[in-house]
Amino acid sequence: MDMYEVYVKAVSFSAGCASTAMMLTPLLVCKEIVKRKTSDNVNLSTFVGALFRSSLFCRQGFILNLQTMMFVHGMGLLINTFYLALYWYYSSKKMNIITTLFKTTLLTSVLLTYSFIESTDLVVTRFPIIVSIIHLSLMGWPLLSVRETIKTKKWSGHPKPILINSIVLCILWLLYSINIQNIIIFTQCSVALIFSSTQLVLWAIYPAEKIQRNKMEKHE
């Protein structure tokens, strides 16, 4: 085994371990939910989107024969299911969660069914492209409210732990995609890194926590 192979395996192992470990960072958000005894102040899409992406990426890993991706997102399915269950337990809008989850499950079933019935030659390209479009749409949707964020001076998109987690993972998977020379995963990670970094900047400029602190000070 030459040094390059050792490097490739090291990057793959690091990306897998870091991804699995960093899936625990939303526990910081969950801690706040438990502390406040409500999840209504946290975007539901953060948790539903993570579960949705894990199911698609797990299948993508199987199609592309990427064991690291399969393992990481297989764990993601379990961990994100726990997060979503906690979110549901502390929510006052349980029916909305069930409705959203039902729609997401239906869409997931359709996409996974397609991945099984499509020809082997085409699915290795088409399914990852579909996953890329969905993944980047979920990552970038809060940027659609930039005008509202500037107007209200309050960031209401993905929480800071999720954004930091995403940035670190994007960098690791970007290196991984370069090593395996997969242009689709490279594109996924590059655009997601730009989206996450932009949102973190917006959070730093317009933190919701700052507004909440100011309100508490006024009441005092």
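Here the structure is shown first, and the text comes after it.
Residues numbered from 1 in each chain as written. Predicted model: local features only at pLDDT ≥ 70, side-chain atom pairs only at ≥ 80, totals over all residues. Heavy atoms only, no water.

K.L.:
Explain the packing of helix H3 (residues 44-63) against helix H4 (residues 67-89) to me, please; I cannot follow it from the model alone.
P.N.:
Geometrically, a packed helix pair is captured by the angle between its two axes and the distance between the axes. At a minimum axis distance of 8 Å, the contact between H3 and H4 shows a crossing angle of 160°. Here H3 is positioned roughly antiparallel relative to H4, judged by the angle of their axes. Where H3 crosses over H4, the handedness of that crossing is left-handed. In contact with Leu44, Phe47, Val48, Ala50, Leu51, Ser54, Ser55, Phe57, Cys58, Gln60, Gly61 and Phe62 of H3, H4 contributes Met69, Met70, His73, Gly74, Gly76, Leu77, Asn80, Thr81, Tyr83, Leu84 and Tyr87. Here the contact of H3 with H4 is composed, by residue class, of 14 nonpolar, nine polar and no charged. (Axes fitted to C-alpha atoms, helices over the stretch in contact; angles between N-to-C directions. Helix = DSSP H or I, 4+ residues; strand = E, 2+ residues; numbered from the N terminus. Parallel < 35°, antiparallel > 145°, perpendicular 65-115°, else oblique. Left-handed = near helix turned anticlockwise from the far one by under 90°. Contact = heavy atoms within 4.5 Å. Nonpolar A, V, L, I, M, F, W, Y, C, P; charged D, E, K, R; others polar.)

K.L.:
Where do I start with the side chain of serine 55 in this structure?
P.N.:
Counting through the fold element by element, serine 55 comes out in helix H3. The contacts of serine 55, once residues within four sequence positions are left out, are Leu77, Thr108 and Leu112.

K.L.:
Sorry, what's going on with the environment of threonine 120 here?
P.N.:
Topologically, threonine 120 is positioned in helix H6 (residues 120-140). Assessed through its relative accessible area of 63%, threonine 120 is described here as exposed. (Buried < 20%, exposed > 50% of the residue type's maximum accessible area, 1.4 Å probe, protein only.)

K.L.:
Which parts of the structure should I look at to understand the environment of proline 142?
P.N.:
As for its placement among the helices and strands, proline 142 is situated in the loop between H6 and helix H7 (146-152). Sequence separation between proline 142 and serine 196 is 54 residues; the distance between their C-alpha atoms is 9.9 Å.

K.L.:
It is not clear to me how a nonpolar patch on the surface should be interpreted in this structure. Could you clarify?
P.N.:
A surface patch of nonpolar side chains, about 540 Å² in accessible area, is lined by Tyr7, Ile171, Leu175, Ile178, Ile183 and Phe186. Put simply, the parts of the chain that give the nonpolar patch at least two residues each are helix H8 (160-180) and helix H9 (183-205). Broken down by element, the residue count for the nonpolar patch peaks at three residues, all from H8. By the element assignment, isoleucine 178 lies in helix H8. (Patch = residues over 30% accessible without salt bridge, like charges linked within 9 Å, V, L, I, M, F, W, Y side chains within 5 Å. Areas by Shrake-Rupley, 256 points an atom, 1.4 Å probe, with all protein chains shown as cover. Salt bridge = Lys/Arg side-chain N within 4 Å of Asp/Glu carboxyl O.)

K.L.:
Just to check I follow, could you spell out the packing of aromatic side chains for this structure?
P.N.:
Where two aromatic rings form a pair, the distance of their centres and the angle of their planes describe that pair. By the definition in use, this model includes five aromatic pairs. The interplanar angle of 65° and the centroid separation of 6.2 Å between the aromatic rings of phenylalanine 47 and tyrosine 83 together place this pair among those described as edge-to-face. Residue phenylalanine 47 is found in helix H3, and its partner tyrosine 83 is found in helix H4; the two are separated by 36 residues along the sequence. Each of the two residues, phenylalanine 47 as well as tyrosine 83, counts as buried. Taking 5.5 Å as the distance between ring centres and 45° as the angle between the ring planes, the aromatic pair formed by phenylalanine 47 and tyrosine 87 counts as tilted. Taken as a pair, phenylalanine 47 in helix H3 and tyrosine 87 in helix H4 lie far apart in primary sequence, 40 residues in all. Grouping residues by exposure puts phenylalanine 47 and tyrosine 87 together as buried. Each residue in the set Phe47, Phe82, Tyr83 and Tyr87 is aromatic and connected to the rest through ring pairs, giving one cluster. One Lys or Arg, arginine 59, reaches over the ring of phenylalanine 116 and ends 3.8 Å from the middle of that ring. Against the face of tryptophan 88 rests lysine 94, its NZ or CZ located 5.2 Å from the ring centre. (Phe/Tyr/Trp six-rings, centres within 6.5 Å; stacked < 30°, edge-to-face > 60°. Lys NZ or Arg CZ within 6 Å of the ring centre and 35° of its normal.)

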